[in-house]
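# Structure assessment
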Amino acid sequence: MRIGIFDSGYGGLTILREIRRRLPDYDYLYLGDNARAPYGTRSFDIVYRFTLQAVRHLFDRGCRLIILACNTASAKALRSIQQNDLPVIDPSRRVLGVIRPTVEILPDLSRSGHIGLLATPGTVASHSYRMEVEKINPRMTITEHACPMWVPLVENNEAASPGADYFVRKYIDELLTLDPAIDTIVLGCTHYPLLLPKIREYVPDSISIISQGELVAESLADYLRRHPEIESVCEKNGAIEYLTTESAEKFDGLASIFMNAPVTAKKITLT
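Residues numbered from 1 in each chain as written. Predicted model: local features only at pLDDT ≥ 70, side-chain atom pairs only at ≥ 80, totals over all residues. Heavy atoms only, no water.

## Quick look at the overall build of the protein
On a plain count of helices and strands, the protein comes out with 14 helices and 10 strands. Here the C-alpha radius of gyration of the protein, 18 Å, is about what a compact globule of 271 residues would show, namely 18 Å. Based on the C-alpha atoms only, the size of the protein along its principal axes is roughly 50 × 40 × 35 Å. A buried classification covers 56% of the 271 residues belonging to the protein. Residue pairs in contact within the protein that sit at least 24 positions apart in sequence constitute 78% of those at least 6 positions apart. (Helix = DSSP H or I, 4+ residues; strand = E, 2+ residues; numbered from the N terminus. Rg over C-alpha atoms; globule rule 2.2 N^0.38 Å. Buried < 20%, exposed > 50% of the residue type's maximum accessible area, 1.4 Å probe, protein only. Contact = heavy atoms within 4.5 Å.)

See the structure below:
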């Protein structure tokens, strides 16, 4: 059994990179639905349908554990898949998201209890982070702000360009204007770590910036420790296979930037 990693495009590769750094011995199967990306502006129903297709495909390829390394899919599809689909497909299989592991650490990091969230329009509209924060600590305040231009900047390889500065500064300034008491900012999209150098330029040093990769990797390691029935059947050859619904050649080029290593993918179709 390989561990499945799903994202609507390339951003989940930042999660995979950290997971593999933390758990290098395991085998992974990455699936990017690049042909239908981005998910951030799509409706709940469409994101749910596309995500379920991807989950079924990874299950068919032998995965028993899947990480939705996509904030939009985690926000709009995870709960329905966990509650409605897994009991029918196979109750022994698991699908996990990236929002809960991120939120769980916030009480330890924030002194003021004021959290800022920078994310895609879809994740912000779902209010999934707000709902999870309220479950963990109702006294904390989370201010959500959409950054619709950040994913296109990353996927067009413009993250380091001078033109990116305008949109990076714009969304950060807007967020901090909404709540000047924010002392912790969550990057609620897996593309955003590629913008970190510029984000750090415009975020005051007194504010902590949370990137999800390490948190999700540590959460997965803890999950495997607590579920030996899943961990024991994981293949451990240190191998990764990449699948994409777009051109494999196009995927390889940009994915290699995310992974800091050569990538060779296979094109598949989701139905």
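Additional details are given in the paragraphs that follow.
## Some remarks on the pairing of strand S2 (residues 28-32)
Burial runs high along S2: five of the five residues are buried. Side-chain alternation along S2 places Tyr28, Tyr30 and Gly32 on one buried face and Leu29 and Leu31 on a second face that is also buried. Pairing of strand S1 (residues 3-7) with S2 involves five bridges; the strand directions are parallel. In the strand pairing of S2, Ile3 is matched with Tyr28. In terms of strand pairing, S2 meets strand S9 (residues 240-244) through five bridges, oriented parallel. Its bridge partner being in S9, Gly32 is matched across the sheet by Thr244. (Pairing = 2+ DSSP bridges.)

## Focus on helix H14 (residues 248-259)
The α-helix advances 3.6 residues per turn, and as a result positions three or four apart in sequence lie on the same side. For H14, spanning 12 residues, the distance from its first C-alpha to its last is 15 Å, which sits close to the expected 16 Å at 1.5 Å a residue. Residues of H14 that are buried include every one of Ala248, Phe251, Asp252, Leu254, Ala255, Phe258 and Met259, and no others. Residues of H14 that are buried make contact with helix H1 (12-22), S2, helix H9 (150-155), S9 and strand S10 (265-267). Trailing H14 by a residue or two, Asn260 shows a phi angle of about 55 degrees, which is positive. (Expected span 1.5 Å × (residues − 1).)

## Quick word on helix H10 (residues 164-178)
Taking 1.5 Å per residue, 15 residues should reach 21 Å; H10 reaches 22 Å between its end C-alpha atoms and fits that length. Restricting attention to buried positions, one finds in H10 the residues Ala164, Asp165, Val168, Tyr171, Ile172, Leu175 and Leu176. Buried positions in H10, seen along its axis, are confined to an arc of 150 degrees and lie on one side of it. Exposed and oriented more than 90 degrees from the buried face of H10 are Tyr166, Thr177 and Leu178. Where H10 is buried, its residues contact strand S5 (114-119), strand S6 (141-146), H9, strand S7 (184-188) and helix H11 (196-202). (Arc of directions from axis to C-beta.)

## Considerations on the pattern of salt bridges
One pass over the structure, following the stated rule, counts 20 salt bridges. Between Glu241 and Arg2 there is a salt bridge; the shortest N-O distance is 2.4 Å. Taken together, the residues Glu241 in strand S9 and Arg2 in the segment before S1 connect sequence positions 239 residues apart. This pair shows no difference in class: Glu241 is buried, exactly as Arg2 is. Residue Asp222 pairs with Arg225 through a salt bridge whose shortest N-O separation is 3.5 Å. Taken together, the positions of Asp222 and Arg225, both in helix H12 (residues 212-226) and three residues apart, correspond to about one turn of that helix. Overall, Asp222 belongs to the partly exposed group, its relative accessible area being 29%. Judged by its relative accessible area of 52%, Arg225 is exposed. (Salt bridge = Lys/Arg side-chain N within 4 Å of Asp/Glu carboxyl O.)

## Remarks on the side chain of Gln53
Considering the arrangement of structural elements, one finds Gln53 in helix H2 (residues 44-60). The buried category is assigned to Gln53, whose relative accessible area is 14%. Looking at Gln53, its side chain comes within polar contact range of the side chain of Arg36, at 2.9 Å. Setting aside its immediate chain neighbours within four residues, Gln53 contacts Arg36, Leu270 and Thr271. (Polar contact = N/O pair within 3.5 Å; in protein donor to acceptor, adjacent residues only side chain to side chain.)

Keep in mind that these numbers describe shape and distance, not what the molecule does.
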